[in-house]
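Here is what each chain is made of, one letter per residue.
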Amino acid sequence: MQMIEVAVIGAGVSGLIATRFLAAKPQLFSVDVYERADFIGGLWVYTDKMAIDDNYPAHGCLYKSLMTNTHRSCLGWPDFSLPDSITESFVHHTKVLKYIEAYADHYKLKKYIHFSTLVTNVSRIDSENPHRPRWLVETLDVSTARPSKSKVYDAVIVANGHYNMPYQPDIAGIL
């Protein structure tokens, strides 16, 4: 059987989970993860930046004292339980991030991640099989602002989130 090459865009929770299950079958899948930041965790990473930072949108959707609005019994993954040290009913965001980082470390996911790499374009490419297109993924090295890589994949998982830039509608009388 031919190896299926998969690109995952984003190393937040969804991207990490997708990567974990793809990486669990190395005989079937080859995986590359592209993460714009130089860290994992997506929206669980706190920042007070609220503007364009280094030419890229930077906005955190968390506030310093944020705790989950879901009880701890509903958090966690079946194959990686919350640590016993988390005892509070509603968990502070810093502990959630540590849990996500521990998940990535446990499953050795960081070796698949291209940090500081922005995906600039994903284009469909016709292939020999009209029912299985391929995808050209083009990236930019965030630290140098130069194109870094173009690679063709059999599949692309878009897990880049949608909370990275605030949207404020222009409504007369508000603000």
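Above this text you will find the structure in question.
Residues numbered from 1 in each chain as written. Predicted model: local features only at pLDDT ≥ 70, side-chain atom pairs only at ≥ 80, totals over all residues. Heavy atoms only, no water.

Notes on the packing of aromatic side chains
Counted under the stated rule, the structure contains seven aromatic pairs. Consider the rings of Tyr34 and Tyr153, whose centres lie 6.3 Å apart with planes at 80°: the pair is edge-to-face. Remark: Tyr153 occurs in strand 8 (residues 146–153) and Tyr34 occurs in strand 2 (residues 29–34); sequence separation between them is 119 residues. Like Tyr153, Tyr34 is buried. Ring geometry for Trp77 against Tyr103: centres 4.4 Å apart, planes inclined by 50°, an arrangement best described as tilted. With a gap of 26 residues between them, Trp77 in the loop between strand 4 (56–57) and helix 2 (93–106) and Tyr103 in helix 2 connect regions that are remote in the sequence. A single burial state applies to Trp77 and to Tyr103, both of which are buried. Here the aromatic cluster, defined as three or more aromatic residues joined through ring pairs, consists of Trp77, Phe80, Tyr99, Tyr103 and Tyr107. Sitting above the plane of the Phe21 ring, Arg20 keeps its charged end 4.3 Å from the centroid. Cation over ring: Arg20 sits above Tyr107, and NZ or CZ is 4.2 Å from the ring centre. (Phe/Tyr/Trp six-rings, centres within 6.5 Å; stacked < 30°, edge-to-face > 60°. Helix = DSSP H or I, 4+ residues; strand = E, 2+ residues; numbered from the N terminus. Buried < 20%, exposed > 50% of the residue type's maximum accessible area, 1.4 Å probe, protein only. Lys NZ or Arg CZ within 6 Å of the ring centre and 35° of its normal.)

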